[in-house]
Amino acid sequence: MTNLEKIDCAVTTTLEAHPDYHEIMVEILMKKLLEEDPLVTAKFFSRANDARAHMIEVSDLDLLSEIVKNAVKVSYLLKEKGIETSSSEQYLDGSQDDILFGSTACHWLTEELEKQKDTNIDDIMESHPEILGILVSVFKEVRYSNNFIITVKELDNLRFITKLSSIFEKIDNDIHSFQ
């Protein structure tokens, strides 16, 4: 099982068991990102379907990698669909995001990764730490909330993922070099 499959299993199983968690899932995922000890946040995930065990296996850096990859996928899919999004740094707060909250942050991050090939993702994220919560919100929205603009099937399309494999490799290398 890949890290993304473990995350998906844990989140979907938990949301099925506790539909009221839709409102707090972004906060739970943020807590998982900010806590180094995976056992601290395990209690927020259902025991059913090994959801809790899966989230214990996924490190904070594994989750961050999947969230950043998701942002890149969202940016490319919006572009592919002809949906205009801003990449202006001044609108990273989502104030100009009409179609999907966080689309500006996704677009901006993707452009930064493409143009600053030698810059580490940590440096890019440190320049605007406020976007982490926005990227987590986009991750939760498009993967677990039946988003009408982007579907999970589109996000996980193998043809699409193969096209972005070099940028995903950079993301994994950068993020896992933090350890």
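Conventions adopted
- Residues numbered from 1 in each chain as written.
- Predicted model: local features only at pLDDT ≥ 70, side-chain atom pairs only at ≥ 80, totals over all residues.
- Heavy atoms only, no water.
- Helix = DSSP H or I, 4+ residues; strand = E, 2+ residues; numbered from the N terminus.
- Rg over C-alpha atoms; globule rule 2.2 N^0.38 Å.
- Buried < 20%, exposed > 50% of the residue type's maximum accessible area, 1.4 Å probe, protein only.
- Salt bridge = Lys/Arg side-chain N within 4 Å of Asp/Glu carboxyl O.
- Axes fitted to C-alpha atoms, helices over the stretch in contact; angles between N-to-C directions.
- Parallel < 35°, antiparallel > 145°, perpendicular 65-115°, else oblique.
- Left-handed = near helix turned anticlockwise from the far one by under 90°.
- Contact = heavy atoms within 4.5 Å.
- Core = buried A, V, L, I, M, F, W, Y, C linked by side-chain atoms within 4.5 Å.
- Polar contact = N/O pair within 3.5 Å; in protein donor to acceptor, adjacent residues only side chain to side chain.

1. Remarks on the overall build of the chain
Regarding its fold elements, the chain presents 11 helices and 0 strands. In sequence order, the chain lays out its α and β elements as α-α-α-α-α-α-α-α-α-α-α. Against the globule reference of 16 Å for 179 residues, the chain gives a C-alpha radius of gyration of 15 Å, in line with a compact fold. On the principal axes, the C-alpha backbone points of the chain span a range of 40 × 35 × 30 Å. In the chain, buried positions account for 49% of the 179 residues.

2. Some words on the pattern of salt bridges
If you walk through the whole model with that rule in mind, you get 11 salt bridges. For R143, the salt bridge identified is with D8, shortest N-O distance 2.6 Å. Taken together, the residues span a long stretch of sequence, with R143 in helix α8 (residues 131-144) and D8 in helix α1 (residues 3-17) at a distance of 135 residues. Summarising the burial analysis for this pair, R143 and D8 share the class buried. Here D174 makes a salt bridge to K170, at a shortest N to O gap of 2.9 Å. Within this pair, D174 and its partner K170 are both found in helix α11 (residues 165-176), separated by 4 residues, close to a single helical turn. Residue class for D174 comes out buried when judged on its relative accessible area of 13%. One salt-bridge network, held together by shared partners, links D8, K73, R143 and D156.

3. Details of the packing of helix α5 (residues 60-80) against α11
Packing of α5 against α11 brings their axes to within 10 Å, and their N-to-C directions diverge by 150°. As judged from the angle between their axes, α5 and α11 are roughly antiparallel. Between α5 and α11 lies a crossing whose hand is right-handed. Contacts from L61, D62, L64, S65, V68, K69, V72 and K73 in α5 reach I167, F168, I171, D172, I175 and H176 in α11.

4. Structural notes on the nonpolar core
In this structure, L29, V74, L109, L113 and L135 are the most contacted members of the largest nonpolar core, which totals 55 residues. Mapped onto this core, the elements with two or more residues apiece are α1, α2 (25-34), α4 (51-57), α5, α6 (103-115), α7 (121-127), α8 and α11. No other element matches α5, which puts 11 residues into this core. Among all residues touching V74, those that are not within four sequence positions of it are L100, C106, V138, V142, I150 and L155.

5. Regarding the environment of E154
With respect to the element layout, E154 can be found in helix α9 (residues 152-155). Overall, the relative accessible area of 24% leaves E154 in the partly exposed class. Along the chain, E154 and K73 lie 81 residues apart, while their C-alpha atoms are 9.0 Å from each other. Beyond its immediate stretch of four places on either side in the chain, E154 contacts L77, K81, I149 and F160. One polar contact links E154 to K81, side chain to side chain, over a distance of 2.8 Å. Engagement of the side chain of E154 in a polar contact is seen with the backbone nitrogen of T151, the distance being 2.9 Å.

6. Remarks on the environment of E57
Note that E57 resides in helix α4. Distance in space between the C-alpha atoms of E57 and K6 is 8.2 Å, their sequence separation being 51 residues. In this view, E57 contacts K6 and D62; residues no more than four positions away in its chain are not counted. Of the polar contacts made by the side chain of E57, one reaches the side chain of K6; its length is 2.8 Å.

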